[in-house]
Amino acid sequence: MRIEILGPGCARCHGLEANVRKALEMLGKDAEIVDVTDIQQIMAYGVMATPALVIDGKVHGWQVAVARGSKESHRRR
């Protein structure tokens, strides 16, 4: 599995990556995690806001990896 974190490297990007790693650990899964900070590469995915999550080439909203019960997950529901 290949997971890409799209974004400029901000605190939210790092938080998303930490949550992805935690979810992978909880599920007992391995994945290649790649930080994509190049704006041209991010734009190629059609992403309008970052951070964004790409799993095996498919774009997912960043909120899917935010821990349940957190302030951010409630805001995104």
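The preceding data block contains the structure.
The text that follows walks through the structure, step by step, so that each part is easy to find. Just so we're clear, the structure is a prediction, and the values are computed from it rather than from any experiment.

1. Brief notes about the overall build of the protein
Scanning the protein for helices and strands turns up 3 helices and 4 strands. Listed by position from the N terminus, the elements making up the protein come as β-α-β-α-β-β-α. By residue count, 30% of the 77 residues in the protein fall in the buried class. Put simply, 63% of the contacts in the protein that link residues at least 6 apart link residues at least 24 apart. Of the roughly 5,200 Å² of accessible surface on the protein, 52% is carried by carbon and sulfur atoms.

2. Quick look at the state of the cysteines
Scanning the entire structure with this criterion turns up 0 disulfides. Left without a disulfide partner, Cys10 is nearest to the cysteine sulfur of Cys13, which lies 3.3 Å away. Judged by its relative accessible area of 28%, Cys10 is partly exposed. Cys13 sits in the buried class, given a relative accessible area of 5%.

3. Regarding the side chain of Glu17
By the secondary structure assignment, Glu17 is in helix α1 (residues 11–27). Among residues more than four places away in sequence, those in contact with Glu17 are Ile5, Ile33 and Asp35.

4. Details of the pairing of strand β3 (residues 52–55)
Here is the key point about a regular strand: its side chains alternate between the two faces of the sheet. By the bridge criterion, 4 bridges tie strand β1 (residues 2–6) to β3 in an arrangement that is antiparallel. Along β3, the bridge assignment pairs Leu6 with Ala52. Sheet topology places β3 next to strand β4 (residues 58–60); 3 bridges connect them, and they run antiparallel. Note on β4: the bridge partner recorded for Leu53 is His60.

5. Some remarks on the sheet that holds β1
Across the sheet, 4 strands lie side by side as β2-β1-β3-β4; this open sheet has mixed pairing. Single-partner strands in this sheet number two, and they are β2 (32–36) and β4. Across the sheet, the axes of successive neighbouring strands diverge by a mean angle of 25°, strand direction being ignored. Note: β1 against β2, 5 bridges, orientation parallel. Among the inter-strand pairings, Arg2 is bridged to a residue of β2, identified as Glu32. Packed onto the sheet, α1 meets β1, β2 and β3 and runs at close to 160° relative to β1.

Cut-off values and rules
- Residues numbered from 1 in each chain as written.
- Predicted model: local features only at pLDDT ≥ 70, side-chain atom pairs only at ≥ 80, totals over all residues.
- Heavy atoms only, no water.
- Helix = DSSP H or I, 4+ residues; strand = E, 2+ residues; numbered from the N terminus.
- Buried < 20%, exposed > 50% of the residue type's maximum accessible area, 1.4 Å probe, protein only.
- Contact = heavy atoms within 4.5 Å.
- Areas by Shrake-Rupley, 256 points an atom, 1.4 Å probe, with all protein chains shown as cover.
- Disulfide = S-S within 2.5 Å.
- Pairing = 2+ DSSP bridges.
- Axes fitted to C-alpha atoms, helices over the stretch in contact; angles between N-to-C directions.

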